[in-house]
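# Topology and contacts: notes
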Amino acid sequence: MFRQLKLTLNISRWIFAPWQRHAATSSQEPPFMAPIGDVIVDYEDPDYLPLPEYPARPNEPLETRKQRLIYQSRKRGMLENDLLLSTFAAKHLKDFNAEQTAIYDQLINGVSNDWDIYYWATEVKPTPDEYNTEIMQLLKEHVKNAERVTRLRQPDLT
């Protein structure tokens, strides 16, 4: 019994050793716990972090672009925008012409932060002039949900 207790204490000391700050190392510590050295490598952050530009696809056929936008509207990385944009794309994208499709493409791919799209569409924050287009107005109307449509899941792909 005493042997098990001693073994348990040794194991717990090895487990919690990273949280204990002591300078002296002893030969009783396992070799993987021996300090390597307290070297912290840190670099100064630049004043400006450039965001990668979304690649333009000038020769992309309209139907291919619409299919890509349906996929990108469904896979935003945050559920709120997944639901809003996927239902919006299912309802409106099929009727968009090439110019409107390009505007929608720029809206969902030109903005680096999806929370911005969400806040603009829900009118929590004012929409910047460059994104305040007819497509954004349609999206804002879609978000208001005047028809009271239940949007708990994304529309099925056809």
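Whatever comes next refers back to the structure up there.
In this report, we go over the structure that sits alongside the text. The residue numbering used here restarts from 1 in each chain and proceeds along that chain's sequence as written. The predicted origin of the model limits local features to residues at a pLDDT of at least 70 and limits the giving and counting of side-chain atom pairs to 80 or more, whereas totals for whole chains, interfaces and linings rest on all residues. Note that the side-chain values use all heavy atoms of the structure and ignore hydrogens as well as water.

## A short note on the pattern of salt bridges
Here a salt bridge means any side-chain nitrogen of Lys or Arg lying within 4 Å of a carboxyl oxygen belonging to Asp or Glu. By the definition in use, this model includes 8 salt bridges. Here Glu60 ties to Arg68 by a salt bridge, and the two come within 2.8 Å at their closest N and O atoms. Exposure categories follow from relative accessible area, calculated using a 1.4 Å probe and restricted to protein chains: below 20% of the type maximum is buried, above 50% is exposed, and the middle band is partly exposed. Overall, Glu60 belongs to the buried group, its relative accessible area being 18%.

## Some points on the packing of aromatic side chains
Stacked, tilted and edge-to-face are the three classes applied to pairs of Phe, Tyr and Trp rings, where Trp contributes its six-membered ring and a pair requires centres within 6.5 Å; stacked means planes under 30 degrees apart, edge-to-face means over 60, and tilted covers the rest. Inspection of every chain in the model, using the stated rule, returns 7 aromatic pairs. Here the aromatic rings of Trp115 and Tyr118 are separated by 5.6 Å at their centres, their planes lie at 90 degrees, and the arrangement is edge-to-face. With a gap of 3 residues between them, Trp115 and Tyr118 both fall in helix H5 (residues 114-121), about one helical turn apart. The partly exposed category is assigned to Tyr118, whose relative accessible area is 22%. One aromatic cluster is present, built from ring pairs that chain together Phe88, Phe96 and Tyr104. Counting from the N terminus, the helices are DSSP H or I runs at least four residues long and the strands are E runs at least two residues long.

## Looking at the nonpolar core
Most often, soluble globular proteins have nonpolar side chains that are buried together. In this text, buried Ala, Val, Leu, Ile, Met, Phe, Trp, Tyr and Cys residues form a nonpolar core when linked through side-chain atoms within 4.5 Å. Core analysis: the largest hydrophobic core is formed by 17 residues, its most contacted members being Phe88, Leu93, Phe96, Tyr104, Leu107, Ile108 and Leu139. Whether two residues are in contact is decided by their heavy atoms: any pair within 4.5 Å suffices. For Leu93, the contacting residues outside a window of four places in its chain are Lys66, Leu69, Ile70, Phe88, Thr101 and Tyr104.

## So, the packing of helix H2 (residues 62-74) against helix H4 (residues 98-110)
Running from amino to carboxyl end, H2 crosses H4 at an angle of 30 degrees, the nearest separation of the two axes being 11 Å. Compared by their axis directions, H2 and H4 come out roughly parallel. The way H2 lies across H4 gives a crossing that is left-handed. Contacts between H2 and H4 involve Leu62, Arg65, Lys66, Arg68, Leu69, Gln72 and Ser73 on the former and, on the latter, Ala98, Thr101, Ala102, Tyr104, Asp105, Ile108 and Asn109. Lys, Arg, Asp and Glu make up the charged group, whereas Ala, Val, Leu, Ile, Met, Phe, Trp, Tyr, Cys and Pro make up the nonpolar group; the residues left over, Gly among them, are polar. Looking at the contact of H2 with H4 residue by residue, the classes come out as 6 nonpolar, 4 polar and 4 charged. Axis definition: a line fitted to C-alpha atoms, limited for helices to the stretch in contact. Angles are taken between N-to-C directions and run from 0 to 180 degrees. Oblique is the label for any angle not covered by the other classes, which are roughly parallel (under 35 degrees), roughly antiparallel (over 145) and roughly perpendicular (65 to 115). Handedness of each helix crossing follows the sense of rotation of the near helix against the far helix: counterclockwise by less than a right angle gives left-handed, clockwise gives right-handed.

## A few points about the side chain of Arg76
Relative to the assigned elements, Arg76 resides in the loop between H2 and helix H3 (79-92). Contacts described as polar in this section are N or O atom pairs within 3.5 Å, which, within protein, must combine one atom able to donate a hydrogen with one able to accept it, while residues neighboring in sequence count only if both atoms come from side chains. From its side chain, Arg76 meets the backbone oxygen of Gln72 in a polar contact 3.3 Å long. Here Asp114 takes part through its side chain, which lies 2.9 Å from a polar atom of the side chain of Arg76. If we skip the residues at most four places from it in the chain, Arg76 touches Asn81, Asp82, Leu85, Ile108, Asn109, Asp114 and Ile117.

## Here we look at H5
Restricting attention to buried positions, one finds in H5 the residues Asp114, Ile117, Trp120 and Ala121. The buried residues of H5 all sit within an arc of 125 degrees when viewed along its axis, so they share a single face. Among the structural elements, H3, H4 and helix H6 (134-144) are those in contact with the buried residues of H5. Between the side-chain oxygen of the N-cap and the backbone nitrogen of Trp115 there are 2.9 Å, and the N-cap of H5 in question is Asn113. Of the residues one or two after H5, Glu123 is the one with positive phi, at around 60 degrees. By definition, the arc is the one covered by directions from the helix axis to the C-beta atoms.

## A look at the environment of Glu99
Within the secondary structure, Glu99 sits in helix H4. You can call Glu99 exposed: its relative accessible area is 57%. Between the C-alpha atom of Glu99 and that of Leu62, which follows or precedes it by 37 residues, the distance is 9.9 Å.

## Description of H3
Given 3.6 residues per turn, any residue in an α-helix points the same way as the ones three and four places further on. Here, expected helix span is obtained from the residue count minus one, scaled by 1.5 Å. Compared with an ideal rise of 1.5 Å per residue, which puts 14 residues at 20 Å, H3 spans 20 Å between its outermost C-alpha atoms and is within 8% of the ideal. Judged by how many residues are buried, H3 sits mostly within the fold: 10 of 14 residues are covered. Every buried residue of H3 is listed here: Asn81, Asp82, Leu83, Leu84, Leu85, Ser86, Thr87, Phe88, Ala89 and His92. Residues of H3 that are buried make contact with H2, H4, H5 and H6.

Read these as layout, nothing more, since geometry by itself doesn't imply function.
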